[in-house]
Amino acid sequence: MSSVKKLEQVYEGKAKKVFKTDSPDYYIVEYKDDATAFNGLKHGTISGKGVINNKMSNAMFALLEKNGVKTHFVEQLSDRETVVKAVKIVPLEIIIRNVAAGSFSKRYGVEEGTALKCPTLEFSLKNDELNDPLINDSHIIALGVATEKELDSIKKLAYKVNDVLKEFFAGIGVKLIDFKIEAGRLSNGEIILADEISPDTCRFWDAKTNEKLDKDRFRRDLGGVEEAYQEIFKRINSK
Ligand code: UDP
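Everything numeric in this text was worked out from a predicted model, so none of it was measured. (Residues numbered from 1 in each chain as written. Predicted model: local features only at pLDDT ≥ 70, side-chain atom pairs only at ≥ 80, totals over all residues. Heavy atoms only, no water.)

**As for helix α4 (residues 148-170)**
The following threshold applies: Counting from the N terminus, the helices are the DSSP runs of H or I reaching at least four residues and the strands are the DSSP runs of E reaching at least two. One less than the number of residues in a helix, times 1.5 Å, gives the span that helix is expected to have. Residue exposure (1.4 Å probe, protein chains only): buried if accessible area is under 20% of the type maximum, exposed if over 50%, otherwise partly exposed.
Look at α4: 33 Å from first C-alpha to last across 23 residues, which is about the 33 Å you get at 1.5 Å a residue. Those residues of α4 lying buried are E150, L151, I154, L157, A158, V161, N162, V164, L165, F168 and F169.

**A closer look at the layout of surface pockets**
Let me state the cut-off plainly: A pocket, in this scheme, is an open set of points on a 1 Å grid over the protein atoms alone with protein on both sides within 12 Å along at least 5 of 7 lines, while a cavity is a set where a 1.4 Å probe fits but cannot get out; residues line either one if an atom lies within 4 Å of a point. Grid points are joined across faces, edges and corners, and a volume is the space filled by probe spheres set on the points. For this classification, the nonpolar set comprises Ala, Val, Leu, Ile, Met, Phe, Trp, Tyr, Cys and Pro, the charged set comprises Asp, Glu, Lys and Arg, and every other residue, Gly included, is treated as polar.
The space that makes up the second largest pocket amounts to roughly 220 Å³. If you trace the second largest pocket, you find it lined by P24, D25, Y26, Y27, K85, A86, V87, K88, R185, L186 and S187. In terms of residue class, the lining of the second largest pocket is built from six nonpolar, one polar and four charged.

**With respect to the site of the ligand**
Stated formally: Any residue with a heavy atom lying within 4 Å of a molecule or strand is counted as near it. N or O atoms within 3.5 Å of each other form a polar contact, as long as, within protein, one can give a hydrogen and the other can take it, and as long as residues adjacent in sequence are counted only when both atoms are side-chain atoms.
The local shell around the ligand holds 14 residues, among which R97, S103, D178, R203 and R219 are the closest. S103 is positioned with one of its side-chain polar atoms (N or O) 2.6 Å from an oxygen atom of the ligand. Within the side chain of R203, a nitrogen or oxygen atom sits 2.9 Å from an oxygen atom of the ligand. Within the residue set of the shell around the ligand, elements represented by two or more residues are β9 (92-99), α2 (102-108), β12 (174-185) and β14 (202-206). Class assignment for the residues of the shell around the ligand results in four nonpolar, three polar and seven charged.

**Remarks on the nonpolar core**
Worth spelling out the cut-off: Side-chain atoms within 4.5 Å are what join buried Ala, Val, Leu, Ile, Met, Phe, Trp, Tyr and Cys residues into a set we call a nonpolar core. Residue contacts follow a heavy-atom distance rule, with two residues in contact if any of their heavy atoms lie within 4.5 Å.
L165, F169, L193, I197 and F204 are the most contacted members of the largest nonpolar core, which totals 48 residues. A total of nine residues in this core trace back to one element, the largest contributor, which is α4. Residue contacts for L193: discarding those within four places in its chain leaves F61, L64, V69, K70, T71, H72, L157, V161, I181 and E182.

**Notes on the packing of helix α1 (residues 49-66) against helix α6 (residues 225-238)**
Going by this rule: As a rule, the C-alpha atoms of each element are fitted with a line to give its axis, helices using only the stretch in contact, and angles between N-to-C directions run from 0 to 180 degrees. Note: crossing handedness is left-handed where the near helix turns anticlockwise from the far helix by less than a right angle, and right-handed where it turns clockwise.
For the pair α1 and α6, the least separation of the axes is 10 Å and the interaxial angle reads 35°. Seen from above, α1 lies across α6 with left-handed handedness. Contacts between α1 and α6 involve K49, I52, N53, K55, M56, A59 and M60 from the first element and Y229, Q230, I232, F233 and I236 from the second. Partitioning the contact of α1 with α6 into residue classes produces eight nonpolar, two polar and two charged.

**A few points about the side chain of N54**
If you trace the backbone, N54 turns up in helix α1. Not counting chain neighbours up to four residues away, the residues in contact with N54 comprise Y31, Q76, S78, D79, R80, E81 and T82.

**Details of the pattern of salt bridges**
What counts is decided by this rule: We count a salt bridge whenever a side-chain nitrogen from Lys or Arg sits within 4 Å of a carboxyl oxygen from Asp or Glu.
Under the criterion given, the structure shown has 31 salt bridges. Of the charged contacts in the structure, one is a salt bridge between D137 and K155, with a shortest N-O distance of 2.4 Å. Here K155 lies in helix α4 and D137 lies in helix α3 (residues 137-142), a separation of 18 residues in the sequence. By relative accessible area, D137 is classed as partly exposed at 29%. Its relative accessible area of 25% is what places K155 among the partly exposed residues. We note a salt bridge from K180 to D195, for which the minimum N-O separation is 3.1 Å. With K180 in strand β12 and D195 in the loop between β13 (191-194) and β14, this residue pair connects regions lying 15 residues apart in the sequence.

Below, the structure written as structure tokens:
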């Protein structure tokens, strides 16, 4: 696989670049240190973030694969670069929550840190111009964003990811508050897990102190941003 050659860039997102390769079945992603929040209104750099998010995402994808979840992960090439399966991303932010926080707390007037009686699932349409609006199942199907069958696979995938990750993080003294994942379609139409799993896309609280160990430190100017990413990465590697 290391024979795959990096060709031209096809896409640059807020935290990653995606490159074509000499095979139509694979892309190479490159993780950046750039950080944005509030739909790009806040910009910054988190030194070393790209390296941590690359290695951590790959470790999480490997763990999920071991537990029967199909992901786009193929092979890590370097500190910041990974070969992934080429997919067409379903333009949805798939969000699972175990504990109220962030926009959920604001929307429903529920104090941050309130445990939810069961994990919740919600979708936002990935569209920066529209500010990623919340979208429901019937809208997703009516607009052709995904079929009913795909939506069903996406939901099963999301809850399975939650089960595996929640247990893993509990084992390293971390509460998985919520997270966002993205799904992609392979050329045969199969839905697999794509994008990344990192402190950029998950909320992690220390199980004892509730200290935030994720991007909220950047979003909310709490300080200790780099240290939080390093702490999560250190705990993952201690397992
Ligand atoms: N999230 C993300 N990208 C987004 C929006 C949210 O990765 O564009 C993640 C976020 O890190 C958190 C979860 O999804 O782990 C739920 O975020 P929420 O809806 O509470 O939004 P926020 O409060 O970050 O605006």
